[in-house]
Amino acid sequence: MAEYKAGNQNWDISRAKDGRVYVANHSGLLEYDALIWKFYQLPNKTTVRSVLAEDDVVYTGSYEEFGYWKRDNFGLLRYYSLSDSIVDLISPNEEIWEIVKFNDKIIFRSFLNIYIYDYKNVTLLKPESIVISCSVVEDKLYVSTLNKGIFLLKDNGLEPFYFDDSLLDTKIISIDKYQGNLLLMTSLKGSFFLKNRKLTPTKFEINEPIKLHQLNTFSKLRNGKMVFGTIKDGVFLTDAKGKLEFHVSKENGLLNNTVLGQTLDESDNLWLGLDNGIANIELNSSNYFFNDVSGKLGAVYDIIEYENVIYIGTNTGLFWLNAKDKLEFIEGSQGQVWDLKILEGDLLCGHNEGTFLVKKDKLELISSHTGGYTIKKIPEKNHTYIQGTYSGLVKFEKVLGEWSVKHLGETTIPSRFLVFENASTAWVAHATKGIYRVRFDTNYDTIISVKNYQDKGINSNYNVRVYNIKNIITFKTNEGWQKYEPILDSIVPSKLLNEKLGKENYIISEEDASLFALKNKNGSINFKSFSSDEDLVLSDGFLKNRYVVGYENVSKLKDSIYALNLDNGLMIVNGNSKSTINLNKPIIDAVFIGNERINISNVISEGVSFKYGKNMMVALSSPNSKNHFFEYNISEINDLWSRVDGNTIDFSSLKDGDYTIDFRTSDISGNMSPSQTLMIEILPPWYRDIWGFLLYLILGLALVLVFYAMHHKKIAKEQRLIKIKYQREQQKLLREKTLENEKQIVQLKNESLQNEIKLKSKQLANNAMALVKKNETLQDIKRELTVNKDGFNNYYVFKKLLKKLDNSILHKDEWEVFENNFSQVHDEFFGLLKAKHSKLTPKDLKICAYIKMNLSSKEIAPLMNISIRGVETHRYRLKKKLDLENDISLVDYLLNIKI
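This write-up is about the structure you can find in this document.

What counts, and where the lines are drawn
- Residues numbered from 1 in each chain as written.
- Predicted model: local features only at pLDDT ≥ 70, side-chain atom pairs only at ≥ 80, totals over all residues.
- Heavy atoms only, no water.
- Helix = DSSP H or I, 4+ residues; strand = E, 2+ residues; numbered from the N terminus.
- Rg over C-alpha atoms; globule rule 2.2 N^0.38 Å.
- Contact = heavy atoms within 4.5 Å.
- Areas by Shrake-Rupley, 256 points an atom, 1.4 Å probe, with all protein chains shown as cover.
- Lys, Arg positive; Asp, Glu negative; His and termini not counted.
- Charge placed at Lys NZ, Arg CZ, Asp CG, Glu CD.
- Core = buried A, V, L, I, M, F, W, Y, C linked by side-chain atoms within 4.5 Å.
- Buried < 20%, exposed > 50% of the residue type's maximum accessible area, 1.4 Å probe, protein only.
- Polar contact = N/O pair within 3.5 Å; in protein donor to acceptor, adjacent residues only side chain to side chain.
- Pairing = 2+ DSSP bridges.
- Axes fitted to C-alpha atoms, helices over the stretch in contact; angles between N-to-C directions.
- Parallel < 35°, antiparallel > 145°, perpendicular 65-115°, else oblique.
- Nonpolar A, V, L, I, M, F, W, Y, C, P; charged D, E, K, R; others polar.
- Expected span 1.5 Å × (residues − 1).
- Arc of directions from axis to C-beta.
- Salt bridge = Lys/Arg side-chain N within 4 Å of Asp/Glu carboxyl O.
- Phe/Tyr/Trp six-rings, centres within 6.5 Å; stacked < 30°, edge-to-face > 60°.

Examining the overall build of the protein chain
Helix and strand content of the protein chain: 11 helices and 64 strands. Computed over its C-alpha atoms, the radius of gyration of the protein chain comes to 64 Å, more than 25% above the 29 Å expected for a compact globule of 899 residues. Once local pairs closer than 6 in sequence are excluded, the contacts in the protein chain between residues at least 24 apart make up 46%. Taken as a whole, the protein chain presents about 47500 Å² of accessible surface, with 51% of it coming from carbon and sulfur. With 115 positive and 113 negative side-chain charges, the protein chain shows a spacing of 14 Å between the two charge centroids.

Take a look at the structure:
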């Protein structure tokens, strides 16, 4: 009820040919596709009392309502009412309790009326008594009433078939064919044969239980076996002669003992609608469960059959099954049972408190060494065994019918896994400290040596299991399978076992058996043989959460019959049965684009196309598959198959383009169905669609025009800039040419001025020299006159003449002319001297001018009208006035004077 999430009562149940199971539930209609439950309500939200799945249509009956459900093109189950066409004919408070198919008609039965639907119209029949059931037998429809006997439906009318006073107030649940007779099943009076208009009780063994527990439903299997569903005590399964084979009730598995509806599918799987829940029983399976719903059993650790009695060792103690398959507890066995073993004709029980001898329902303590994990026979040694316990190894030996027990000392490690390498050597695995090689003395009274193999190549010291497989010591570690290499005295990887058994799988049965059990990483169990590739696989979904993890164990009960320990129960396995791989190609139930459900009528042939940016969700089912899940692969992305959680896959991150999606049904054993292919096309987004390309074209043209305009503008601008640049360069060239010309002109002027200066300097020098010559001449004349002054008669005339000569030598006008000419040639000379040496006298300036002209003292003396010595003296004084150092020439200073 918690799983299907609807009402607790399930009044009827039917399975369609496609594998879907439909249930008439208290709250509405349930649909189960072998993976997911779905719930549908009628428009008036009333209880659904009956259901029939026929072809692709589901018929239901309810309160004053009946009709059918059919899938539309979108994969949605929709309801179509038939009773709406005959509303006036339906009796008040009437409910449809049964629906059967008869020839080309659908029959809806209530207690008061029968409605016949011929796929076009609905016809009403009113029997004379309350209608209990309708049964189809060999193209005949038998209508059983409460007080008027049995009728046959002919031509939309009821024809009396059989009446007997013994059937008054009798609820005939079912009429079926049985060895040429009609078999009538009643609710409280048992079963009857009807032949040649004569009613006789059957001698079925099942009669008393179905009378006692009130028969409510009946089915017959193809092999003649019969299934009886009762109101008070679950389901009874008998052989073809009515002899009880199995009884399934709340005590051993059903959620509820009241069977309201039942149906057999094409594989003879029994589906039950209960007063509280839904059940499925695989009647054709050679394997079956024993479940203890009382909780007394607890976790099962070992199972064994001894003297035709099955004993079950659990964490709560030791139990056995009596003749009625009822659990019986053995007093004194409270606590953990680890191991059950038949040795020397005795049944030994390895227990938390020690080891006991089991005698029917009694226990006898034969060893007080606690924790009897396992016990193994010593090779080539009769009547002697070694047991692994909490505190090490213990020797068991049967002498004269009695068991003697001795602890071997030396090692006290807990020894859950123990195997013999040879008669004197054994291997022991510790839960967390790795493995040890133990050597015994000849009499097995003591342990000679214990060698730790932690550092001898073992992959891990945790959870190590040790086995002797084909006389090879092998180890299962967390990292895979390894083996002992005697030549190297080391542990090496076992490539063969890793490939044959799988790195993550481990053996949970006796490894020396012809058929051993292998627990796989995916939770399934394989019964394998090294001599054959065929194996039996247990992958039932009910097992997954019932393993005693780490302590899984498969025990051999008898030839080909094994027992698997579970939590609160066990599973009996027939080793000769073959694994039936029942995986069918997935069905696409619905496709959603965004939140919109799309038409799937042609989805396989035409595929799906949708816009980019929307997600696609696909809902799958495979109702005829068992213990399955779904996988999908997108070949355009990679070759990896992805497992689906549930039945829906959401594709939300695919890019635009064409994709091929393959779906398949798989199971945990690695089996898979053929693929279902769905082609999808994700349209490109508008910006990669034709409108986008048109927009890009328009934008491209606009960009070209803009680019052209900008380019044209740029070219015009560049041309303008080039023109301006050219003009500027021309102007610059003109300016440079002008400047060059001006420079040349200036240079020419400077050259002219220099020439003029040179000329004037030359003229000035010539004038100076002329003055020098003149003054020298005048001085010569003066001297001559002075020498010949006596020749003058008149002294005053002589003086006057001398004075004129002196005035002529020192004539101011001549000096002014000379100074003017000198200034024109050396226009800044006097200004510089006056600026730097303000104390210079006019006489000093004169001599400086003469020195500037590079005149010697001899040449200056006549001009100054002084002696040469006087010039030298004056030059000396002038050097002082100019503050010149001794090493600085006065001539050089005046020639190069600057500011």
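Side note on the nonpolar core
Nonpolar side chains in soluble globular proteins tend to end up buried together. Judged by nonpolar contacts, the single largest core of 25 residues is most densely connected at Leu833, Ile860, Leu878, Leu882 and Leu894. Contributions of two or more residues to this core are made by helix H7 (829-836), helix H8 (842-852), helix H9 (857-864), helix H10 (868-881) and helix H11 (890-895). The greatest single-element share of this core, amounting to 6 residues, is contributed by H8.

Digging into the side chain of Lys519
Mapped onto the fold, Lys519 is located in strand S50 (residues 516-519). A distance of 2.9 Å separates the side chain of Lys519 from the side chain of Glu552, its partner in a polar contact. Beyond its immediate sequence surroundings of up to four residues, Lys519 is in contact with Asn505, Tyr506, Ile508, Ser524, Ile525, Tyr547 and Glu552.

With respect to the sheet that holds strand S23 (residues 235-238)
Reading across from one edge, S21-S22-S23-S24 is the order of the 4 strands in this open sheet, with antiparallel pairing throughout. At either margin of the open sheet sits one strand with a lone partner, and together these are strand S21 (215-220) and strand S24 (244-248). Shown here is a sheet whose adjacent strand axes are inclined to one another by a mean of 15°, direction ignored. Bridge count for S23 against S24 is 4 bridges, and the pairing is antiparallel. Pairing of Thr238 across the sheet is with Leu244, part of S24.

Things to note about the packing of H8 against H10
Axis separation between H8 and H10 bottoms out at 11 Å; the angle between their running directions is 100°. Between H8 and H10, the crossing angle belongs to the class labelled roughly perpendicular. Listed contacts from H10 to Lys843, Asp844, Ile847, Cys848 and Ile851 of H8 are Val871, His874, Arg875, Leu878 and Lys881. Among the residues making up the contact of H8 with H10, the classes are represented as 5 nonpolar, 1 polar and 4 charged.

Re H10
Relative to the 20 Å expected for 14 residues at 1.5 Å per residue, H10 spans 20 Å between its end C-alpha atoms, a close match to the ideal helical length. Three or more residues of H10 are buried, namely Val871, His874, Arg875 and Leu878. For H10, the angular spread of buried residues about the axis comes to 105°, placing them on one side. With respect to the buried face of H10, the exposed residues turned more than 90 degrees away are Arg869, Tyr876 and Arg877. On the buried face of H10, the contacting elements are H8, H9 and H11. Positive phi shows up at Asp883, right after H10, with a value of about 55°.

A closer look at the sheet that holds strand S60 (residues 628-634)
Strand pairs in the sheet, formed through backbone hydrogen bonds, run parallel or antiparallel to each other. The strand order across the open sheet built from 5 strands is S58-S64-S63-S60-S61, with neighbouring strands paired in mixed fashion. Of all strands in the sheet, those bounded by a partner on one side alone are strand S58 (608-611) and strand S61 (642-643). Bridge count for S60 against strand S63 (residues 657-667) is 7 bridges, and the pairing is antiparallel. Residue pairing across strands places Phe630 opposite Thr665, the latter belonging to S63.

Observations regarding the pairing of strand S2 (residues 21-25)
Regular strands show a simple pattern: their side chains alternate between the two faces of the sheet. The buried count for S2 comes to 5 of 5 residues, which makes it a mostly enclosed element. Burial along S2 is two-sided: Val21, Val23 and Asn25 and Tyr22 and Ala24, pointing in opposite directions, are all buried. The pairing of strand S1 (residues 10-15) with S2 spans 5 bridges and is classified as antiparallel. For Ile13, the partnering residue across the bridge sits in S2 and is Val23. Where S1 hands over to S2, the hairpin turn is made up of 5 residues, of which Gly19 adopts a positive phi near 100°.

Digging into the pattern of salt bridges
For the structure shown, the criterion picks out 28 salt bridges. A salt bridge links Arg15 to Asp265; the shortest N-O distance between them is 2.5 Å. Placement of the pair is Arg15 in strand S1 and Asp265 in the loop between strand S25 (259-264) and strand S26 (269-274), with a sequence separation of 250 residues. Taking the shortest distance from any N to any O, the salt bridge between Asp589 and Arg20 comes out at 2.6 Å. Of this pair, Asp589 sits in strand S56 (residues 587-593) while Arg20 sits in the loop between S1 and S2, and the two are 569 residues apart along the sequence. Per residue, the accessibility class of Asp589 equals that of Arg20, and both read buried. Taken together, the shared-partner salt bridges connect Asp18, Arg20 and Asp589 into one network.

Considerations on the packing of aromatic side chains
Taken as a whole and assessed by the stated rule, the structure comprises 41 aromatic pairs. Ring centres of Phe218 and Phe228 lie 5.2 Å apart, and the angle between their planes is 55°; this geometry places the pair in the tilted category. Here Phe218 is found in strand S21, whereas its partner Phe228 is found in strand S22 (residues 226-230), with 10 residues between them in sequence. Given the relative accessible area of 11%, Phe218 is considered buried. Here the aromatic rings of Trp686 and Tyr687 are separated by 5.7 Å at their centres, their planes lie at 85°, and the arrangement is edge-to-face. Judged by its relative accessible area of 54%, Trp686 is exposed.

A few points about the environment of Ile281
Secondary-structure assignment places Ile281 in strand S27 (residues 277-282). The class of Ile281 is buried, set by a relative accessible area of 17%. Spatially, the C-alpha atom of Ile281 lies 12 Å from that of Phe236, the residues being 45 residues apart in sequence. When neighbours within four sequence positions are excluded, Ile281 is seen to be in contact with Val248, Asn269, Leu270 and Leu272.

Here's the deal with the side chain of Asn633
Mapped onto the elements, Asn633 comes out in strand S60. Given the relative accessible area of 6%, Asn633 is considered buried. Of note is the side chain of Asn633, whose polar atom sits 3.0 Å from the backbone oxygen of Asn638. The residues touching Asn633, leaving out its near neighbours within four places in the chain, are Asn638, Asp639, Leu640, Trp641, Thr660, Ile661 and Asp662.

Comments concerning unusual backbone geometry
In the Ramachandran plot, Asp139 falls in the positive-phi region, its phi being about 60° despite a non-glycine side chain. Checked against the element boundaries, Asp139 lands in the loop between strand S13 (131-137) and strand S14 (140-145). Of note in the backbone geometry, Asn196 takes a positive phi value of approximately 55° without being a glycine. With respect to the helices and strands, the residue Asn196 is situated in the loop between strand S19 (191-195) and strand S20 (198-201). A residue is classified by how much of its surface remains accessible, and Asn196, at 70% relative accessible area, is exposed.

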